[in-house]
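# Residue-level structure breakdown
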Amino acid sequence: MTGTRIAALGHYQPAKVLTNHDLAALVDTSDEWISSRVGIKTRHVAGPDEPVDELAAHAGAKALAAAGLTPADVDLVLVATSTATDRSPNTAARVAARLSMASPAVMDLNVVCAGFTHALATADHAVRAGSASRVLVIGADKMTAVTDWADRSTCVLVGDGAGAAVVVATGDAEEPGIGPVLWGSVPEMGHAVRIEGTPPRFAQEGQSVYRWATTQLPPIARKVCEKAGVTPEELAAVVLHQANLRIIEPVAQKIGAVNAVIARDVVESGNTSAASIPMALSKLVERREVESGAPVLLFGFGGNLSYAGQVIRCP
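What you are looking at is a predicted structure, and each value in this text was computed from that prediction instead of being measured. (Residues numbered from 1 in each chain as written. Predicted model: local features only at pLDDT ≥ 70, side-chain atom pairs only at ≥ 80, totals over all residues. Heavy atoms only, no water.)

All right, on to the sheet that holds strand 1 (residues 4–12) then. Taken in spatial order, the five strands line up as 1-7-6-4-5 in an open sheet, and their pairing is mixed. Each edge of the open sheet carries a strand with a single partner, namely strand 1 and strand 5 (105–109). For this sheet, the mean inter-axis angle between neighbouring strands, taken without regard to orientation, is 20 degrees. With eight bridges joining them, strand 1 and strand 7 (residues 160–169) adopt antiparallel strand pairing. Bridge pairing in strand 7 places L9 opposite A165. Against the sheet, helix 4 (residues 91–98) touches strand 4 (76–80), strand 5 and strand 6 (134–142), its axis set at about 135 degrees to strand 5. Sheet contacts for helix 5 (residues 115–129): strand 1, strand 4, strand 5, strand 6 and strand 7; angle to strand 6, the most-contacted strand, approximately 165 degrees. (Pairing = 2+ DSSP bridges. Helix = DSSP H or I, 4+ residues; strand = E, 2+ residues; numbered from the N terminus. Axes fitted to C-alpha atoms, helices over the stretch in contact; angles between N-to-C directions. Contact = heavy atoms within 4.5 Å.)

Below, the structure is given as structure tokens:
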């Protein structure tokens, strides 16, 4: 068995920006109300002619370019999404077609907000097992397409975007750059976050999610660090699912990552579901806020009350 690492990252967001003041013209809300309750200031919104696979392909192309690879070098495409309109061809296949890939295996994973960290673990396992050599892992969601814009409790939260990572095998002398995953769910509480119905609509039980995230997740995140052989104090950065600033900040504090940069991309991007972790990580790397090789905790959580986390070495 060999180890794996993230060779490069990329992200993409639609051009249109929706501010809190814009939302105040649509529903009974205000910039002060939104900022104080969820910490979000702006979010990017895809148009009707910008499907999820287009967002994903843009992010994937940027990650491949940053890794110095071509689409033909990829033998597995994994896309984490819960907002694709069509069932087949799946989003991964459409991304492969957009990027003119040769003959990769193509799979979608729907674990909602924890989708990217599940997909990253799947890529790690595939390379370690010898069934793939270079994997394009993408988290992409168009949450605005499943949002009730008359519901001020949810419409203020969401945004659209995509983030991507290229996963490759490590060399013989290299330490693994993707640590072991710790994942699970709370099936009996799956109703707390939903995208269901016809047409599908996003809904959640906000207080239930808040209590679960702030009380149950910090000890699980510390176990992720333990599995990776690092202490929370050694973390250079913490990238949690960008759900809500009122969840991110207390969870990060309870993890004990006192020396870490805490990703707060939710402020400018909103909750982008599976896209939130790779987008936030890509931006930290782009701004050079985290040193290459430094340990970073990725931890996704949300829909299905699922969670998955691993410690990676920053590309």
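From this point, the narrative continues.
A few words on the nonpolar core. Formed by 46 residues in total, the largest nonpolar core has its most connected members in L235, L240, L297, F299 and F301. Sorting the residues of this core by element identifies helix 2 (31–38), helix 7 (206–228), strand 11 (237–240), helix 8 (245–255), strand 13 (295–302) and strand 14 (306–313) as the ones contributing at least two each. For this core, the element with the highest residue contribution is helix 7, accounting for eight residues. By size, the runner-up hydrophobic cluster in this structure holds 32 residues, among which are V239, A280, L298 and C314. (Core = buried A, V, L, I, M, F, W, Y, C linked by side-chain atoms within 4.5 Å. Buried < 20%, exposed > 50% of the residue type's maximum accessible area, 1.4 Å probe, protein only.)

With that out of the way, let us pick up the sheet that holds strand 11. Note: strands within a sheet are paired through backbone hydrogen bonds, in either parallel or antiparallel orientation. Strands sit in the order 8-14-13-11-12 across an open sheet of five strands; the sheet is mixed. Each end of this open sheet is capped by a strand with a single partner; those strands are strand 8 (182–185) and strand 12 (261–262). The pairing of strand 11 with strand 13 spans four bridges and is classified as parallel. The residue of strand 13 that forms the bridge with L240 is F299. Contacts between helix 5 and the sheet are confined to strand 8, strand 13 and strand 14, with strand 14 contributing the most and set at about 55 degrees to the helix.

Right, let's get into the pairing of strand 13. Of all eight residues that make up strand 13, eight are buried, and the element is covered over most of its length. Pairing between strand 13 and strand 14: eight bridges, direction antiparallel. Following the sheet pairing, F301 is matched in strand 14 by Y307. Following strand 13, the chain reverses through three residues before pairing antiparallel with strand 14; N304 in that reversal takes a positive phi of roughly 70 degrees.

Glancing now at the environment of I255. Looking at the element boundaries, I255 is found in helix 8. Residues I255 and A162, 93 residues apart in the sequence, show an inter-C-alpha distance of 27 Å. In this view, I255 contacts P218, A221, R222, P232, L240 and L297; residues no more than four positions away in its chain are not counted.

In the segment running from S88 into P89, the intervening peptide bond is cis, with an omega of 0 degrees. Here P89 lies in the loop between strand 4 and helix 4. Put simply, T198 and P199 share a cis peptide bond, and its omega is 0 degrees. If you trace the backbone, P199 turns up in the loop between strand 9 (193–196) and strand 10 (201–204). Even without being a glycine, S273 presents a positive backbone phi close to 55 degrees.

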